[in-house]
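Examination of the molecular architecture
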Amino acid sequence: MGLELYLDLLSQPCRAIYIFAKKNSIPFELRTVDLRKGQHLSDAFAQVNPLQKVPVLKDGDFILTESVAILLYLAGKYEVPDHWYPRDLQACARVDEYLAWQHTALRRNCLRALWHKVMLPVFLAEPVSPEMLAVLEGKFLQDKAFLTGPHISLADLVAITELMHPVGAGCQVFKGRPKLAAWRQRVEAAVGEVLFQEAHEVILKAKDSQPADPTLKQKMLPKVLAMIQ
Ligand SMILES: N[C@@H](CCC(=O)N[C@@H](CS)C(=O)NCC(=O)O)C(=O)O
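None of the values given here were measured: they were computed from a predicted structure. (Residues numbered from 1 in each chain as written. Predicted model: local features only at pLDDT ≥ 70, side-chain atom pairs only at ≥ 80, totals over all residues.)

A short note on helix α7 (residues 154-168)
Quick note on the threshold: Secondary structure is summarised from DSSP: a helix means a run of H or I of at least four residues, a strand means a run of E of at least two, and numbering begins at the N terminus for each. A helix's residues, less one, multiplied by 1.5 Å, set its expected span. Here a residue counts as buried when 20 or more other C-beta atoms sit within 10 Å of its C-beta, as exposed when there are 12 or fewer, and as partly exposed otherwise, the C-beta atoms being derived from the backbone. Arc definition: directions from the helix axis to the C-beta atoms.
Between the first and last C-alpha of α7 there are 21 Å, a value that for 15 residues agrees with the 21 Å anticipated at 1.5 Å per step. Among all positions of α7, only Asp-156, Ala-159, Ile-160 and Leu-163 are buried. Each buried residue of α7 sits inside an arc of 95 degrees when the element is viewed along its axis, so together they form one side. Of the exposed residues in α7, those oriented more than 90 degrees away from the buried face are Leu-154, Val-158 and Glu-162. Downstream of α7 by a residue or two, Gly-170 has a phi angle that is positive, lying close to 100 degrees.

Next up, the structure:
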């Protein structure tokens, strides 16, 4: 078996290795390990890397982890243009200097940016409970026009404003629920489309919110952490 690279291109170190190998026509078998599906936690992958992390290089019986070590191994084993990892002592030291700095500085910072903007919702987001929506439909709405009868009441107002919370977060609350969707249309019509949109403009734009300033972040931190526990 030739060179195998266990990668997920979601990962920065994996992308660096992938680009380096491809750009330099280094032949390899790509073994994709999908982190979002937890494939790195499988027993099979633990046989390859007991630390259960990507990237991993397998060259015959030789297994190597740590992206920098892998890049240097590839640069040493294959004929690659000198500029990638120069032979000149000081030029090489400049590359080493950056590689050492990157891991403790820029990497941590960029990784946190990705986790906070993208990955935390992937792992922490809770969908609106289908059971709860079924209760709303089955116990409260039933076959009525509105939750408590033929006319809109405070119950409808409180319910619709609540459901617009996850809608504002991008959840498809009404998808596949024609009865609830029709109720929403009736509530919107009863309230008036213009007023409904006006009242929900802020929540519907909430997902585009800018990061809070550092002082406010610090002040809010305990509450924010409590929300995700
Ligand atoms: N220092 C290692 C970092 C390896 C690493 O943290 N890989 C991440 C993806 S970027 C991973 O596999 N995480 C899975 C986990 O920790 O569960 C390297 O540069 O290769």
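The structure having been displayed, the exposition proceeds.
With respect to the UniProt feature "domain: GST C-terminal" (unreviewed entry) in the chain
We count it as follows: UniProt positions are given in the numbering used here, feature names are shortened, and annotations may be inferred rather than shown by experiment.
When the UniProt feature table is mapped onto this chain, "domain: GST C-terminal" (unreviewed entry) is found at residues 88-215. Taken end to end, residues 88-215 comprises 70% helix and 0% strand; its first and last C-alpha atoms sit 48 Å apart.

Digging into the packing of helix α1 (residues 12-23) against helix α3 (residues 67-77)
Describing two packed helices takes the angle between their axes plus the distance from one axis to the other. Stated precisely, the cut-off is as follows: Whenever a helix is involved, its axis is fitted only over the stretch in contact; in every case the axis is a line through C-alpha atoms, and angles between N-to-C directions fall within 0 to 180 degrees. Any angle from 65 to 115 degrees is called roughly perpendicular, while one under 35 is roughly parallel, one over 145 is roughly antiparallel, and all others are oblique. In this description, a residue-residue contact is defined by the distance between C-beta atoms placed from the backbone, which must lie within 7 Å. Asp, Glu, Lys and Arg are counted as charged, while Ala, Val, Leu, Ile, Met, Phe, Trp, Tyr, Cys and Pro are counted as nonpolar; the rest, among them Gly, fall into the polar class.
Two elements in contact, α1 and α3, have axes whose closest approach is 10 Å; the angle formed by their N-to-C orientations is 10 degrees. By the angle class used here, α1 and α3 are roughly parallel. Here α1 contributes Pro-13, Ala-16, Ile-17, Phe-20 and Ala-21 to the contact with α3, which in turn contributes Ser-67, Ile-70, Leu-71 and Leu-74. Taken together, the residues of the contact of α1 with α3 sort by class into 8 nonpolar, 1 polar and no charged.

Quick notes on the sheet that holds strand β2 (residues 29-32)
Selection criterion: Being paired, for any two strands, means DSSP has found at least two bridges between them.
One open sheet holds the 4 strands; their spatial order is β2-β1-β3-β4, and the pairing between them is mixed. Whereas interior strands pair on both sides, the edge strands pair on one side only; in this sheet they are β2 and β4 (62-65). With strand direction ignored, the average angle separating the axes of adjacent strands in the sheet is 20 degrees. The sheet contact formed by strand β3 (residues 56-59) and β4 spans 4 bridges and is antiparallel. Among the inter-strand pairings, Val-56 is bridged to a residue of β4, identified as Thr-65.

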